[in-house]
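# Survey of secondary and tertiary structure
So you can see what is in the structure, the chains are spelled out below.
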Amino acid sequence: MKLFDIMKNFNDEMPPENVDLLVCDNPADPEDRIFERVCFFRKGTLLPHEYRAKGRNDIERLFDHIENEQSAWQPTPQTGYYMLIHCPKEGRAMYRLCTINPLDSKYIIINPLDDDEVEF
């Protein structure tokens with residue numbers, strides 16, 4: 001059995017948000033398929049970008065993180081798949097929109113610790 005055969009069509013069932021997914025763009029030609037590791041977010045959901053706390057010691061950084069972490073988050077501009085990438089300009093990890101169109105895709109949830117929900 002191939003991994004592609006057990007993947008779910010996006011049009012049949014939308015994936016859960018903020019969960020690691022393996023996504024395929026699902027073209028007719030198997031040689032042109034592109035697979036990416038992404039997360040799915042709906043428009044308006046807050047993207048949990050990494051926040052780099054500021055402070056001179058661990059306590060100051062902890063309080064800064066508690067106070068300001070959500071300020072690094074931003075609303076999702078459109079529904080789609082988002083890749084976690086390193087942004088050199090800001091020096092932190094951030095979510096960016098993936099080029100794979102959800103309507104023409106298949107996905108499978110990456111969850112190695114939970115075997116109860118695996119359906120073949």
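Here, every reference points to the structure presented above.
Residues numbered from 1 in each chain as written. Predicted model: local features only at pLDDT ≥ 70, side-chain atom pairs only at ≥ 80, totals over all residues. Heavy atoms only, no water.

## Topic: the sheet that holds strand β7 (residues 92-97)
For clarity, the threshold we go by: Paired strands, in this sense, are two strands between which DSSP finds at least two bridges. The way it works is that DSSP assigns letters per residue, a run of H or I at least four long becomes a helix, a run of E at least two long becomes a strand, and they are numbered from the N terminus.
Taken in spatial order, the 6 strands make up an open sheet running β1-β8-β2-β3-β6-β7, and their pairing is antiparallel. The strands lining the two open edges of the sheet, one partner per strand, are β1 (8-9) and β7. Of the pairings in the sheet, the one linking strand β2 (residues 21-24) to strand β8 (residues 106-109) comprises 4 bridges and is antiparallel in character. Paired with V23 across the two strands is Y107, which belongs to β8.

## Quick look at unusual backbone geometry
Peptide bonds are, in most cases, trans, and in most cases residues other than glycine have a negative phi. One non-glycine residue, N18, adopts positive backbone phi at about 55 degrees. By the element assignment, N18 lies in the loop between β1 and β2.

## Things to note about a nonpolar patch on the surface
The line we're drawing: Two joining distances apply to patches: 9 Å for like charges and 5 Å for nonpolar side chains (Val, Leu, Ile, Met, Phe, Trp, Tyr), and every residue must have over 30% relative accessible area and no salt bridge. The accessible surface values rely on the Shrake-Rupley method and a 1.4 Å probe; as for residues, cover is taken only from the protein chains in view. A carboxyl oxygen of Asp or Glu within 4 Å of a side-chain nitrogen of Lys or Arg is what we treat as a salt bridge. Think of it in three bands: residues with accessible area under 20% of the maximum for their type are buried, residues over 50% are exposed, and the middle band is partly exposed, with areas taken using a 1.4 Å probe on protein chains only.
A surface patch of nonpolar side chains, amounting to about 440 Å² of accessible area, comprises I59, L62, F63 and I66. Position of L62 relative to the elements: it lies in helix α2 (residues 58-68). Overall, the relative accessible area of 44% leaves L62 in the partly exposed class.

## A closer look at the nonpolar core
Condition: Note on terminology: a nonpolar core comprises buried Ala, Val, Leu, Ile, Met, Phe, Trp, Tyr and Cys residues joined through side-chain atoms within 4.5 Å. The criterion used for residue contact is that any of the two residues' heavy atoms lie within 4.5 Å.
In terms of nonpolar packing, the biggest core is built from 9 residues, these being F10, L21, V23, V38, F40, Y81, C98, I100 and Y107. If you list the elements that add at least two residues to this core, you get β2 and β3 (35-41). Those residues in contact with Y107 that sit more than four places away from it in its chain are M7, K8, N9, F10, E13, M14, P15, L21, L22, V23 and Y81.

## Overview of the packing of aromatic side chains
To be explicit about the condition: Each Phe, Tyr or Trp ring, with Trp reduced to its six-membered ring, pairs with another whose centre is within 6.5 Å; inter-plane angles below 30 degrees give stacked pairs, above 60 give edge-to-face pairs, and intermediate values give tilted ones. We call a charge positioned over a ring when the NZ of a Lys or the CZ of an Arg lies within 6 Å of the ring centre and within 35 degrees of the ring normal.
Within this structure, the stated rule accounts for 5 aromatic pairs. Note on F41 and Y82: the rings are 5.9 Å apart at their centroids and 70 degrees apart in plane angle, and the pair reads as edge-to-face. On the criterion of sequence distance, the pair formed by F41 in strand β3 and Y82 in strand β6 (residues 80-87) is long-range, its members being 41 residues apart. Classification of F41 as buried rests on a relative accessible area of 1%. Y82 gets classed as buried once you look at its relative accessible area, which sits at 2%. One aromatic cluster is present, formed by F10, F40 and Y81 through successive ring pairs. A cation over an aromatic ring shows up here: R33 above the ring of F4, its NZ or CZ 3.5 Å from the ring centre.

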